[in-house]
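Structural description and commentary
Residues per chain are reported as follows:
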Amino acid sequence: MKSILVTGSSGLIGSEVVTFFHNLGFSVHGIDSNQRAVFFGPQGDTRWSQQRLVDTLPRFSHHELDIRNRQGLIELVKQLKPSGIVHTAAQPSHDRAADIPFDDFDTNAVGTLNLLEAARQACPESPFIHMSTNKVYGELPNSIPLVEQETRWDYADPAYSNGIAESFSIDQSKHSLFGASKVAGDVMVQEYGRYFDMPTCCLRGGCLTGPNHSGVELHGFLSYLVKCNLEGKEYTVFGYKGKQVRDNIHSEDVARFIHAFYETPRCGEVYNLGGGKGNSCSILEAFALTEEFTGKQQVYRYVDQNRIGDHICYYSDLSKMKKHYPQWDITKSLRQTVREIVASWQGRLG
Ligand SMILES: NC(=O)c1ccc[n+]([C@@H]2O[C@H](COP(=O)([O-])OP(=O)(O)OC[C@H]3O[C@@H](n4cnc5c(N)ncnc54)[C@H](O)[C@@H]3O)[C@@H](O)[C@H]2O)c1
């Protein structure tokens, strides 16, 4: 039976990928140490997600392992020899990294190298899919001229009318420590593809979201925003008049792309993976959409200070993904995604 190894299996993307491949008949091995609870405290705890996978998926095995444990990782991958590896374990927060630079780099950069080397030693022919981030572009996207609209910013330069493409520079801009550790992992994944001819790819995510997200203030804005709305809790908007734009992609559409790459891999590829212009929204627009589904008015305060390096407007150009994998497309609209997030939090908050 074909098997897949997923790191960060209790997280948003990991758990979606586990379920997706399991539904296709794979046996699935997950690695997670619930490090998200260490990074973000009890609000970030993912044990509920791990338990759900163990309870509902008979061919799923959980491995309690930290990807910083190089030897443990190499031994496990050699034992499993999976037919594919999906790497989603990470310290995922832009803002959190400055407080924990060693944990951040050891996880995002060194942990990725540990996994790549384990793969090279155990199963170099197995597709290796790495979750990277649009933060590898640093704050360079903020240098694109913008036009201010009533509820959002947008690109004024027609060269970006479809969004940001993979050819955009990742060099010479401020990234945050998180962005820099993800650049290190991203370039290493490309290198194992180009240097060792391994079937690797980096998926530079926009805002990945969905009903399984344990959104917290510092990571997972849409999930956290919906949670605040339902609890009547004040949401803080940081700068840019609340018109900052994000492209949102449902984690199921992420899993579908990962599977498409697994089926027909290429070496050392890079894709910008987001919801694209069609699934983009500003914070103000996200408030309005959420209010539509919950019937509750969003309570928020505005702080006239943006987060360091935060993108003013970012949406992914999906052309390369669609060209290489024409059978793939976005299937979940932003409305559908918000509707599912609302339903999930309503269930979890009781
Ligand atoms: N969610 C987003 O909006 C987004 C956007 C762009 C990129 N990404 C990238 O996608 C990937 C997955 O993101 P996510 O939103 O699913 O994150 P997540 O925090 O929900 O999941 C990550 C999982 O990895 C686990 N983990 C972290 N460090 C670990 C370690 N050292 N050893 C073992 N397990 C560890 C955590 O416990 C968690 O369950 C990350 O690489 C992230 O940078 C996410």
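Below, the structure is looked at part by part. Note that the structure is predicted; figures quoted are calculated from it, not measured.

**Remarks on the site of the ligand**
With respect to spatial proximity, 32 residues lie near the ligand, and among them Asp-32, Arg-36, Asp-66, Lys-182 and Gly-206 are the closest. Interatomic distance of 3.0 Å between a backbone N/O atom of Leu-12 and an oxygen atom of the ligand. Taking Leu-208, its main chain carries an N or O atom lying 3.0 Å from an oxygen atom of the ligand. In isolation the ligand offers 830 Å² of accessible surface; the protein chains occlude 97% of this area. For the shell around the ligand, the secondary-structure elements that each account for two or more residues are helix H1 (12-23), helix H2 (35-40), strand S5 (128-133), helix H6 (176-196) and strand S9 (207-209). Residue composition of the shell around the ligand, by class: 12 nonpolar, 15 polar and five charged.

**Observations concerning the layout of surface pockets**
Within this model, the largest pocket holds a volume of roughly 150 Å³. Of the residues in the lining of the largest pocket, the class split is three nonpolar, two polar and two charged.

**Observations concerning the pattern of salt bridges**
All chains considered together, the criterion is met by 21 salt bridges. Of the charged contacts, one joins Arg-68 and Asp-66 as a salt bridge, the two residues approaching to 2.7 Å between their closest N and O atoms. Taking relative accessible area as the criterion, Arg-68 reaches 29% and is therefore assigned partly exposed. One salt bridge connects Arg-256 with Asp-253, and the closest N-O pair in it is separated by 2.7 Å. Of the two residues, Arg-256 and Asp-253 both sit in helix H8 (residues 251-263), three residues apart, roughly one turn of that helix. Overlapping salt bridges bring together Asp-66, Arg-68 and Asp-103 as one network.

**With respect to the pairing of strand S4 (residues 84-87)**
Along any regular strand, the residues point their side chains to alternate faces of the sheet. In S4, alternate side chains face the same way, and those of Gly-84 and Val-86 on one face and Ile-85 and His-87 on the other are all buried. As paired strands, strand S1 (residues 3-7) and S4 are joined by four bridges and run parallel to one another. Paired with Ile-4 across the strands is Gly-84, a residue of S4. Bridge count between S4 and S5: three bridges; the pairing is parallel. Among the inter-strand pairings, Ile-85 is bridged to a residue of S5, identified as Phe-128. Traced from S4 through helix H5 (residues 101-122) to S5, the parallel crossover comes out right-handed.

Conventions we followed
Residues numbered from 1 in each chain as written. Predicted model: local features only at pLDDT ≥ 70, side-chain atom pairs only at ≥ 80, totals over all residues. Heavy atoms only, no water. Near = heavy atom within 4 Å. Polar contact = N/O pair within 3.5 Å; in protein donor to acceptor, adjacent residues only side chain to side chain. Areas by Shrake-Rupley, 256 points an atom, 1.4 Å probe, with all protein chains shown as cover. Helix = DSSP H or I, 4+ residues; strand = E, 2+ residues; numbered from the N terminus. Nonpolar A, V, L, I, M, F, W, Y, C, P; charged D, E, K, R; others polar. 1 Å grid on protein atoms, 1.4 Å probe; cavity = no way out; pocket = protein on both sides within 12 Å on 5 of 7 lines; lining within 4 Å. Points joined across faces, edges and corners; volume = space filled by probe spheres on them. Salt bridge = Lys/Arg side-chain N within 4 Å of Asp/Glu carboxyl O. Buried < 20%, exposed > 50% of the residue type's maximum accessible area, 1.4 Å probe, protein only. Pairing = 2+ DSSP bridges. Right-handed = clockwise from strand over helix to strand, strands pointing away.

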